[in-house]
Amino acid sequence: MHTRSSNDDVTDRRLKLLIGLVVVLAVCAAALHVLYAVATRAALPHPQALVLIYALTIISFRLKVMIRVRSNQSGYTWAGVPMITGLVLMPVPWVVLGVAAGLATVRILNRADPLRAIFMVAKEVLGISAAGATLLLLGARPDVDHPQASIAAVVVAFLVLWFVDDLVFYPVIAVASRSTISKLYRNELGEKVIVRAATLATIIYITEVLVRGANLALLAFVPAIVGCLHLWRLRRMRTHQEREAWRQLADTTDELSSVDLNQVLHIAATQGAKLFSAGEVEIDLTASGVDRVVRAGTDGVIYDGPGPRKFDGELSITTELETRDRSYSAGVLVIDFDGKVKLTEFEQYKLKTFASALCTAIRNAAAYAELQRINEQNAYDAAHDPLTGLANRRELYERADEYFAGRTEDGVVALLLIDLNHFKEVNDTLGHAAGDAVLREVARRLDDAAAPGDLVARLGGDEFAVLLVNLLTPALATHRAEQMLSALEATLEVEGMQITVEAAGGIALAPGSGGINELMRRADVAMYQAKRAGQPTATYAHAQDTANVERLMLGGELQRAVAESEFVVDFQPIVDLGSGEVIAAEALARWQNPDHGYLTPMQFLETVERSGQLPAFADAVLDQALAASGVWREAGFDLPVAVNVSPRSLLDPRFPATVLTRLARHDVPPERLVLELAETLTISQLDTVGRTLDELRAAGVRLALDDFGTGVSPLSVLSHIPVNQLKIDRGFVSAVETSSEAAAVIRSTVDLARSLHLTVIAEGVESEPQRHALWELGCVAGQGHLFARPMASARLLGTLQRGSGGRPGALAAALHDVGSVVRLPRRRTSGHGRSTG
């Protein structure tokens, strides 16, 4: 299909007007010369001379080098030779007759378009008339037998012929090709001068022979000279065209090296029109699955949008955009020439090369665009929470770091820390899908309520944070925080139930020093103040933080403590209740503070968790625990070592790699390390750290659930954590003798553990009656002051070597004659809560 546009109709009208004007001028010029011939009683020409002019015209128009501009064919001919020679021999009307007849014969033989044939005849008539008038004005007298014409007159007449020919030809070609006269003329000027010079030299030679009455045999050399010059011109022009075409193709393919698909398509379409001298070029990507068509001419892009394409028919040439091995297809390339054109063999090869280069460029640009999309998606995923789409902790910290580094103009900045009340009950009652729905709705409401520039983030679980910026006064932080929390008051429907979301928010203004960690700590303090007071929000104030003065003082010493190895590890043995033998040891961190003495985790752990020193602290404890395990193993006591892990450590994606690196450094098998997790972790927190736990479990590290039974729903916790051990909280152990409820909890825990192939360890065993009671309930392992208090690694090794009752490795007498040592399970199978034994 080739659709005509209004521009095509305008071009046709202009073209017909121009050709009509040329025809009218030609007829008038020919009529004037006829009148002049009649008035001067010009003699009739010799018939042979007229036939000779006719024949030479046919030959000269057949011997030409063709140049295509779109669908228009133009060429350099030798027509000037018979025209000027004829004007030297006979009056203008007869030359017009002979040339017009010869040109008409050529056009008929070539089956040329009638309109073009009429134009060419009229053009030559005008040129001959102007050249003939010039010769007459310069004193030339045409005569077959005795012609009179000076060389100067012949040269001037030829230049006039050349001028009139170009004056008529280029405006018409410019309109037909929708180009400019100056552009067309400049492109062909070099070749035109060379061709016209050769033609003029031939004309001067023939004129000299005729005017001087020399032997006509000298004209026998003219065909040979013309033939040689024609072949030379033909070869030179083709060489020039091919060289220029390759240069343009190389330049175009270089421009296609862009990785921007839009730029590739626009350059290809625009340069393609110039490269193939076409009216318009279309690139259709529909075949590759992309509904897009780009259309351009030599002046630039005309259309870029969905299909269908405009050109599809005999007036255009279509080629597939595919690689040379046809492994990839990008679509089709359509070249429209405003007419029927047959490409030469060289042009066909050039088109195939261009199409292949364009296909490769499109594939490269598409691949780069996909890679860029993936990178952008990865960057987005790294900075956003996958459940809610909000910014994550990393993005919040980076934005806050920019503020503290002075790289933003955010004015007064505050942090609002939000924690949802009773969210764990939603998860436990309605399930995680409902909990996720609640979190998404909360995130949407917070994001909608945020002021422009504020950053809303989900830190994990049911904890959110909002970085409030551009506050005119600090007091506005409270107002804006209340607005955001009020957005959560409206009930929301989840699985047919109406749920009211309650939340507490802590507000902290950005401190002058301390960075984001101190800002988070202060907001956290304020949030818990709001919870304790039963208020929706509370703003941090130094006066209200007096209970934490000692903790703040310790916080300032943490960096020094890590650097100077003030954190040490004591170990409490875990004993087989039946045999009294040590089967493992739990690592317990201590801080040997030079000012405050020997500090237990209860005194400093919260401060460490709220600081930026937690990774270094956890690494130091783990390193000492694994080092001690290696020493015991070399001494003959291959004991697993249990290390407590902070929930905040599990939020660090680098934590698994740190653990595995330490295991490899100390040559400790992963199954000899047990990481103890708090059972008070919320379900939402467990969802967040699931990837970390799975990675550790896959490496062979075992997991224990500490303080089991103290949470709201221990079964829900078990369904999320792939544990190997359950540790019964000391509160149940201390009451096992006096409380039937405590005994029932322990018995049910043991039964649950047996069904899941888990080991149960009782914490806080203080007396033999407790040991006996636990053993009778089915609990096989325990730790507590009955067996040993926490002690240094070397002291524990000595204790193991001394043993009890002559048994190394035992700390108590056996409860039965032949005690069987219960070993901890080494590896869990797939599925939560299962192990191999």
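Heads up: the structure comes first, above all this text.
Now for a description of the structure that goes with this document.

Turning our attention to the packing of helix 3 (residues 80-89) against helix 5 (residues 114-137). Contact geometry for helix 3 and helix 5: axes closest at 10 Å, N-to-C directions at 40°. The angle between the axes of helix 3 and helix 5 places the two elements in the oblique class. In this structure, helix 3 meets helix 5 at a crossing whose hand is right-handed. Contacts between helix 3 and helix 5 involve Met83, Ile84 and Leu87 from the former and Glu124, Ile128, Ala131, Gly132 and Leu135 from the latter. Among the residues making up the contact of helix 3 with helix 5, the classes are represented as 6 nonpolar, 1 polar and 1 charged.

Moving on: helix 12 (residues 423-430). Regarding helix 12, the residues found buried are Phe423, Lys424, Val426, Asn427 and Leu430. Looking straight down helix 12, one finds that the buried residues subtend no more than 165° of arc, so they occupy a single side. Positive phi appears at Gly431, one or two residues downstream of helix 12, with a value of about 100°.

Applying the stated criterion across every chain yields a total of 25 salt bridges. We note a salt bridge from Glu441 to Arg445, for which the minimum N-O separation is 2.9 Å. Remark: Arg445 and Glu441 occur in helix 13 (residues 432-449); sequence separation between them is 4 residues, near one turn of the helix. Here Glu441 and Arg445 have matching classes, each one buried. It is possible to trace a salt-bridge network through shared partners that takes in Glu441, Arg444, Arg445 and Asp448.

What follows deals with unusual backbone geometry. Backbone geometry at Ser565 places phi at a positive 55°, although glycine is not the residue there. Relative to the elements of secondary structure, Ser565 occurs in the loop between helix 17 (558-563) and strand 15 (567-576). Residue classification places Ser565 among the exposed residues on the basis of a relative accessible area of 54%. In this structure, Asp667 takes a positive phi of about 55° despite not being glycine. With respect to the secondary-structure elements, Asp667 resides in the loop between helix 21 (655-665) and strand 19 (673-678).

Core analysis: the biggest nonpolar cluster contains 73 residues, and Phe571, Trp632, Leu673, Leu675 and Leu774 have the highest contact counts within it. Per-element accounting of this core gives the leading share, 8 residues, to helix 19 (residues 614-634). For Trp632, the residues in contact, after removing those within four places along its chain, are Phe571, Ala585, Phe637, Leu639, Ser793, Leu796 and Leu797. With 50 residues, the next largest nonpolar core counts Ala49, Ile128, Ala131 and Ala140 among its residues.

Rules and cut-offs
- Residues numbered from 1 in each chain as written.
- Predicted model: local features only at pLDDT ≥ 70, side-chain atom pairs only at ≥ 80, totals over all residues.
- Heavy atoms only, no water.
- Axes fitted to C-alpha atoms, helices over the stretch in contact; angles between N-to-C directions.
- Helix = DSSP H or I, 4+ residues; strand = E, 2+ residues; numbered from the N terminus.
- Parallel < 35°, antiparallel > 145°, perpendicular 65-115°, else oblique.
- Left-handed = near helix turned anticlockwise from the far one by under 90°.
- Contact = heavy atoms within 4.5 Å.
- Nonpolar A, V, L, I, M, F, W, Y, C, P; charged D, E, K, R; others polar.
- Buried < 20%, exposed > 50% of the residue type's maximum accessible area, 1.4 Å probe, protein only.
- Arc of directions from axis to C-beta.
- Salt bridge = Lys/Arg side-chain N within 4 Å of Asp/Glu carboxyl O.
- Core = buried A, V, L, I, M, F, W, Y, C linked by side-chain atoms within 4.5 Å.

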